[in-house]
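Fold and geometry: a report
As a plain string of letters, each chain reads:
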Amino acid sequence: MHELSIVMSIVDIVNQQAEASNASVVEEIEMDIGCLTTVEMNAFEFAWQQAVRDTSLEKTIKKINRIQGKAQCMDCDAQFSIENLYDACPACGEHLIHITAGKELRVKSLVVT
Ligand SMILES: [Zn+2]
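A brief look at the structure comes next. (Residues numbered from 1 in each chain as written. Predicted model: local features only at pLDDT ≥ 70, side-chain atom pairs only at ≥ 80, totals over all residues. Heavy atoms only, no water.)

With respect to the overall build of the protein
Assigned secondary structure in the protein consists of 2 helices and 6 strands. For the protein, whose C-alpha radius of gyration is 17 Å, the value lies well above the compact-globule estimate of 13 Å for 113 residues. Projected onto the principal axes, the alpha-carbon positions of the protein cover approximately 55 × 25 × 15 Å. Per-residue burial over the protein gives 33% buried out of 113 residues. Contacts in the protein between residues far apart in sequence, at least 24 positions, make up 69% of those at least 6 positions apart. Charged side chains of the protein number 9 positive and 17 negative; the gap between the two group centres comes to 5 Å. (Helix = DSSP H or I, 4+ residues; strand = E, 2+ residues; numbered from the N terminus. Rg over C-alpha atoms; globule rule 2.2 N^0.38 Å. Buried < 20%, exposed > 50% of the residue type's maximum accessible area, 1.4 Å probe, protein only. Contact = heavy atoms within 4.5 Å. Lys, Arg positive; Asp, Glu negative; His and termini not counted. Charge placed at Lys NZ, Arg CZ, Asp CG, Glu CD.)

The following block contains the structure:
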C-alpha cells in the first residue's frame, strides 16, 4: 500500500513546517491531490488515520482538493479533460498528450497555532 508512504512523507513535511514556525498544533491542512495520481482515496484516508494517531496531527482538519485531470494534445493542440493517463485526444485520437493538471500531490497550506 503506497498510500501509507505518501501519507508518512506528508506528515513529515507538516511536522517540519510546524516545528519551523514554532507551532504546537496544526489545526488545518489543505492538500491538492490530482485525479491522475495513483492515490486511492479510501486507502489514503485509512493510511492517514494510522499515521496521525498519537501525533500532533491527530485532530487536524484535513481538506483535500481533487484536481481534475487535464491534458493538451501534442498533435492538434486540443485541450481536454482526461480520466486516466493513457486517454487519447478526443479530437484526433492521438496518444501523444501533455498532462497539464491532475498529477498534483502536495501540501497546499497549513493553519497552525
Ligand atoms: Zn489531438
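A word on the sheet that holds strand β5 (residues 97-101)
What the 3 strands build is an open sheet, ordered β4-β3-β5; its pairing is antiparallel. Each edge of the open sheet is held by one strand with a lone partner, namely β4 (79-81) and β5. If you compare each strand with its neighbour and ignore which way they point, the axes differ by 35 degrees on average. Of the strand pairs in this sheet, strand β3 (residues 70-73) and β4 are connected by 3 bridges, and their pairing is antiparallel. By the bridge assignment for β4, A71 is matched with F80. (Pairing = 2+ DSSP bridges. Axes fitted to C-alpha atoms, helices over the stretch in contact; angles between N-to-C directions.)

Looking at the coordination of the zinc ion
Surrounding the zinc ion are the protein donor atoms C73 (SG), C76 (SG), C89 (SG) and C92 (SG), which sit 2.3 Å from the metal. Coordination at the zinc ion is tetrahedral: its 4 donor atoms span angles of 107 to 115 degrees at the metal. Read from N- to C-terminus, the donor residues coordinating the zinc ion fall into the pattern C-x2-C-x12-C-x2-C. In this pair, C76 sits in the loop between β3 and β4 while C92 sits in the loop between β4 and β5, placing the two residues 16 residues apart along the sequence. Among the residues examined, C76 registers a relative accessible area of 35% and is labelled partly exposed. (Donors = N, O, S within 2.8 Å, 3.2 Å for Na, K, Ca; no water. Tetrahedral: all angles 85-135°; square planar, octahedral: opposite > 155°, others 65-115°.)

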